[in-house]
Amino acid sequence: YDHLRKKLIKLNFIQSRFDECVFYYGRTIFLVYTDDTILIGPDKEEIERIMKTLSKNFKIEDQGTLNDYLGVHIERKEDGTLEMTQPTLILSILKDVSLWENGGKNKATSRTTPAYSTTILTSDKEGEDFNNKDFNYRQVIGKLLYLEKSTRPDIACTVHQCARHCITTKVSHAL
């Protein structure tokens, strides 16, 4: 990061005062996340000039328009709005919990409301321990937390209820 930052500043990029991973060049914004970057702006020619400059100074790969970034699929709708989804992560979760067969058959059922927010998942002290033989509970909860934070805030209550039981997971928590 330090190497990138120093080089960008030398190339007359201006680093944001509020976020060290955001740089400005003319009307273009340059975003950095680990080794992934995005150039966005209203002037395509300016972006192309910046790409040429960057390619002289770094080994870069132009992956075209922004359709997927950090596992998030971004689609512009006809009305100008953006829809962000995470189909790869959702498929991974479905496979983890055996709700997706190798032949591509979905065994899950959809609900318009993920769960009632008034139903509390209790500790179930007398319940049978969940032994992670069917799936890794913590790993699935981690993926669900990332999904919830990125594109699915509607599942937050349910995921947080389940996350409270990662240490002492019972079979009733994993159903």
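What this report covers is the structure whose coordinates are included nearby. (Residues numbered from 1 in each chain as written. Predicted model: local features only at pLDDT ≥ 70, side-chain atom pairs only at ≥ 80, totals over all residues. Heavy atoms only, no water.)

**Quick notes on a nonpolar patch on the surface**
So, point 1. Residues Tyr33, Leu70 and Tyr146 make up a contiguous nonpolar surface patch of roughly 290 Å² in combined accessible area.
So, point 2. Note that Tyr146 resides in helix α4 (residues 137-150).
So, point 3. By relative accessible area, which is 39% here, Tyr146 ends up partly exposed. (Patch = residues over 30% accessible without salt bridge, like charges linked within 9 Å, V, L, I, M, F, W, Y side chains within 5 Å. Areas by Shrake-Rupley, 256 points an atom, 1.4 Å probe, with all protein chains shown as cover. Salt bridge = Lys/Arg side-chain N within 4 Å of Asp/Glu carboxyl O. Helix = DSSP H or I, 4+ residues; strand = E, 2+ residues; numbered from the N terminus. Buried < 20%, exposed > 50% of the residue type's maximum accessible area, 1.4 Å probe, protein only.)

**Description of the packing of α4 against helix α5 (residues 156-163)**
So, point 1. Where α4 meets α5, the closest approach of the two axes is 10 Å, and the angle between their N-to-C directions is 155°. One finds that α4 runs roughly antiparallel with respect to α5. For the pair α4 and α5, the sense of crossing is left-handed. For the pair α4 and α5, the contacting residues are Tyr137, Ile141, Leu144, Leu145, Glu148 and Lys149 in the first and Ala156, Val159, His160, Cys162 and Ala163 in the second.
So, point 2. Taken together, the residues of the contact of α4 with α5 sort by class into eight nonpolar, one polar and two charged. (Axes fitted to C-alpha atoms, helices over the stretch in contact; angles between N-to-C directions. Parallel < 35°, antiparallel > 145°, perpendicular 65-115°, else oblique. Left-handed = near helix turned anticlockwise from the far one by under 90°. Contact = heavy atoms within 4.5 Å. Nonpolar A, V, L, I, M, F, W, Y, C, P; charged D, E, K, R; others polar.)

**Topic: the sheet that holds strand β7 (residues 82-85)**
So, point 1. Read across the sheet, three strands follow the order β5-β6-β7 without closing on themselves; strand pairing throughout is antiparallel. Here the strands that pair on one side only, and so sit at the sheet edges, are β5 (68-69) and β7.
So, point 2. When strand β6 (residues 72-76) meets β7, the two strands line up antiparallel, connected through four bridges. By the bridge assignment for β7, Ile74 is matched with Met84. (Pairing = 2+ DSSP bridges.)

**Considering the environment of Leu31**
So, point 1. On the secondary structure map, Leu31 appears in strand β3 (residues 28-33).
So, point 2. Put simply, Leu31 and Gln86 are 55 residues apart on the chain and 20 Å apart in space, counted from C-alpha to C-alpha.
So, point 3. Beyond its immediate stretch of four places on either side in the chain, Leu31 contacts Cys21, Val22, Asp36, Thr37, Ile38 and Ile40.

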